[in-house]
Amino acid sequence: MSEVLEELHEECGVFGVCHVEDAASLSYYGLHALQHRGQEGCGIASMDHGVLQAHKGKGLVSEVFYPSVMGQLKGDCAIGHVRYSTAGGNEIENVQPLLANLTKHKFAVAHNGQIVNAKEMRVYLEAQGSIFQGSSDSEIILHLIQRAKGTFLERIKQAFSLLEGAYACLILSEEGVFAIRDHNGLRPLSYAQFHDGYLISSESCAFDVLSGTLDKDVEPGEIVWFHPNGVTHDRYRNACETHMCAMEYIYFARPDSVIDGINVHEARVATGVCMAKKDKMAHLQADIVIGVPDSSTSAAIGYAKESGLPFEMGLIKNRYVGRTFIQPTQKQRERGVRMKLSAIEPIVSGKRIVMIDDSIVRGTTSRRIVQLLKEAGALEVHVRIASPAITYPCFYGVDTSSFEELISARMNEQELCAYLKADSLSFMEISDLVSSYQTERLCTACFNGAYTTGLFSYGDIIKTFLSHKE
Ligand code: AMP
Ligand code: SF4
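This is a predicted model, so every value here is computed, not measured.

As a structural note, the neighbourhood of ligand 2 is formed by R187, C245, A246, M247, C394, Y396, V398, C443, A445 and C446. Of all the elements in the fold, those that place two or more residues in the shell around ligand 2 are helix 8 (246-252) and helix 17 (445-448). Here the shell around ligand 2 is composed, by residue class, of nine nonpolar, no polar and one charged.

Turning our attention to the side chain of D182. As for its placement among the helices and strands, D182 is situated in the loop between strand 8 (176-181) and strand 9 (190-194). In this structure the side chain of D182 is engaged in a polar contact, spanning 3.0 Å, whose partner is the backbone nitrogen of N184. Not counting residues up to four positions away in its chain, the partners in contact with D182 are G165, A166, Y167, R187, P220, G221 and Y236.

Going through the model one piece at a time under the given rule, you end up with 15 salt bridges. Across the pair D287 and R352 runs a salt bridge whose closest N-O atoms are separated by 2.9 Å. Taken together, the residues span a long stretch of sequence, with D287 in the loop between helix 9 (264-281) and strand 17 (288-291) and R352 in strand 20 (residues 352-357) at a distance of 65 residues. You can call D287 partly exposed: its relative accessible area is 26%. The partner of K317 in a salt bridge is D294, with the nearest N and O atoms 3.5 Å apart.

Time to look at the confidence of the model for the protein chain. Parts of the model with low pLDDT should not have their predicted coordinates read in detail. Predicted confidence across the protein chain gives a mean pLDDT of 92, with 94% of residues reaching 70 or more. Considering only residues more than four positions removed or in separate chains, one finds that residues 1-9, a stretch of pLDDT under 50, has 28 contacts.

Within a regular beta strand, the side chains point alternately toward one face of the sheet and then the other, so they alternate between its two faces. Burial within strand 21 (residues 380-385) is extensive, with five of its six residues counted as buried. Where strand 20 and strand 21 come together, six bridges link them in parallel fashion. Within strand 21, the residue paired with M355 across the bridge is V383. Crossover connection from strand 20 via helix 13 (residues 364-375) to parallel strand 21: handedness right-handed. Both strand 21 and strand 22 (residues 424-426) contribute to a ladder of three bridges, which runs parallel. Residue pairing in the sheet places V383 in a bridge with L425 of strand 22.

On to the site of ligand 1. Around ligand 1, 20 residues are found, and the nearest of them are Y251, V361, R362, G363 and T365. For ligand 1, an oxygen atom lies 2.8 Å from a polar atom in the backbone of R362. In the complex, 94% of the free accessible area of ligand 1, which totals 500 Å², lies under the protein chains. Going through the elements one at a time, helix 8 and helix 13 are the ones with two or more residues in the shell around ligand 1. The element that contributes the greatest number of residues to the shell around ligand 1 is helix 8, accounting for three residues. Residue composition of the shell around ligand 1, grouped by class: eight nonpolar, six polar and six charged.

A common way to report how large an interface is uses the accessible area buried once the components associate. Parsing the protein chain into structural domains produces domain 1 (12-242) and domain 2 (262-469). The distance between the C-alpha centroids of domain 1 and domain 2 comes to 32 Å. Taken together, the contact pairs 21 residues of domain 1 with 19 residues of domain 2. Interface area, domain 1 with domain 2, both sides summed: about 1700 Å², of which 58% is carbon and sulfur. Considering only the side of domain 1, the residues that lose the most area to domain 2 are Y84, Q114 and V116, jointly responsible for 34% of the buried surface there. If you look at where domain 1 meets domain 2, you find zero salt bridges. Within the residue set of the side of domain 1 that touches domain 2, elements represented by two or more residues are strand 6 (107-115), helix 4 (118-127) and strand 7 (165-173). Grouping the constituent residues of the side of domain 1 that touches domain 2 by class yields five nonpolar, ten polar and six charged.

Conventions we followed
- Residues numbered from 1 in each chain as written.
- Chains lettered and ligands numbered in written order.
- Predicted model: local features only at pLDDT ≥ 70, side-chain atom pairs only at ≥ 80, totals over all residues.
- Heavy atoms only, no water.
- Near = heavy atom within 4 Å.
- Helix = DSSP H or I, 4+ residues; strand = E, 2+ residues; numbered from the N terminus.
- Nonpolar A, V, L, I, M, F, W, Y, C, P; charged D, E, K, R; others polar.
- Polar contact = N/O pair within 3.5 Å; in protein donor to acceptor, adjacent residues only side chain to side chain.
- Contact = heavy atoms within 4.5 Å.
- Salt bridge = Lys/Arg side-chain N within 4 Å of Asp/Glu carboxyl O.
- Buried < 20%, exposed > 50% of the residue type's maximum accessible area, 1.4 Å probe, protein only.
- pLDDT = per-residue confidence, 0-100.
- Pairing = 2+ DSSP bridges.
- Right-handed = clockwise from strand over helix to strand, strands pointing away.
- Areas by Shrake-Rupley, 256 points an atom, 1.4 Å probe, with all protein chains shown as cover.
- Domains from an automatic or database assignment.
- Buried area = accessible area lost by both parts, 1.4 Å probe.

As C-alpha cells, then:
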C-alpha cells in the first residue's frame, strides 16, 4: 500500500447550534442522529461568555457524553463532530472539534471530509513555524486562520481560499458559528431555523429529531455566519457548482435526510425502479426481492414495486456488530459480515432471489451473502447493485481505500459474478444514477475517475495505476 493511502480517510458528521439555550445538549441529540456517519469518536465544544470548553473521546455519542459532562458544557453556541476513521487513524489527537485556545481570540473547528492539498499545506505551515499535534485536516484550518489577517470573517475567507478538497466545516468563536462548504459542494451541509437561533448539520435528519425544519443548504464556496443579529452570507470563492458525492445518496446518508433538495429514500427507491425496468426487459425470472439491511432496503422496495415481485425480509441484521468495512484484515472483515447478517431460511429456501446491495467495494459482503442465501436453500441469487462499479479510489474523505482493494478495478462484471458465486450480477450505469436522482450535479469520480478537483500528491496514485493498466 502506498504511503499516501495509509493516511486518514474519514466520513464523519458535524452539527452546530447557534443562539439557542443549552446548545451542548441540543448538539448531543444532533450528533446522536448523525451517529451512522462515524462511530469511532465524537466531541462537542461550546462557548460561554468568551470561555471555550470541550469534551471529546473515543466511542459512540452515548458512551462519551454523560450528564455530569453535559452540565459543564455551558453556553448558547456549540459545535460537535462524530468521527469515522480507518484502523490506523483513530488517535485521540484527531478527535474533533479542535480548539485554538488563544489569549486573544478563542475558536474551535470541526470538519467532515478531506483536504486534498493537506500535505502541501502542512509543509507550507511547518516552514512558517506551525507545530502539528495530530494528523487531522482540521489542524491545518486552525493554523491557516490563525496566520491570516483582518476580521475573523476575513481570516476564514483567506484560509479557505487556500484549500482544495471536500468538506463541511463548522467554526465556533465568540462571534457565533460559521458554516463553510467546499466550493464543489461535495459534502452536504444545511441549516434550520430553531427558536430564536439556528441548527446546522451534515444531514437534515438531525433537525427532525429536534423538531427543527430544514431551511437551506449552505452553498458551495459559501460561508454562512450565524450571529446574535441574524445571518450573514459571504463567499470565499465565486461561481461554484454542486457536485454532491453520489455515495451520500447511495450509502452514507440516512434515508430520512434531504440533501441538496433530494430525499435520500426516494432517490434510492428510484434506483430500484430503474434496475427492475432493465431486468423486466431482459426477462429475468425470480420469486422474491430482498435488500441488504439497512442501506439497500429503499432500493429493494423500488425494485419490488416496479417488478411486481414480493419484497421479503430474507436477511436479518445483528445491530450490535460494528462496521465490518473498517476491520484491518480480510479475515476479520469476513467474520464481521458473518456475525452481522443471517438468512431467514423459510423465506429464502427454494426461491429464485433478486438480492439488492448498495455497493461493492472489496466484494466481502456480497460474496458472503450469496453464500449465506445458498446455504439456506436459495435456488438462484441474482445480485443487483444500486450503484455503478467502484473502479477509482476516493480522495474526498471516503474510505474506499486503494486501487488494490477495489475489486471492480481488478475484475470485470463477469469475473466478479463468478467470484461472488452469483447466478447473475449487474451494476447501474452512471446515466441511470443521474436519471434516478434527477440531477447531474453529482460527483461520480469513484466510478469514472472524473475528479472535480486537482489531486496534488494523490495524482501519483492514479498515474501509477493507469501505467500498470497499459
Ligand atoms: P465490501 O464488503 O468491501 O464489498 O463493502 C461493501 C459494503 O460496505 C456495501 O454493502 C456498503 O453497504 C458498505 N460500504 C460501501 N462503501 C463504504 C464506505 N466507504 N465505508 C464503509 N462502508 C461502505
Ligand atoms: Fe463520493 Fe465517490 Fe466522489 Fe468520493 S469519489 S466524493 S465517494 S462520489
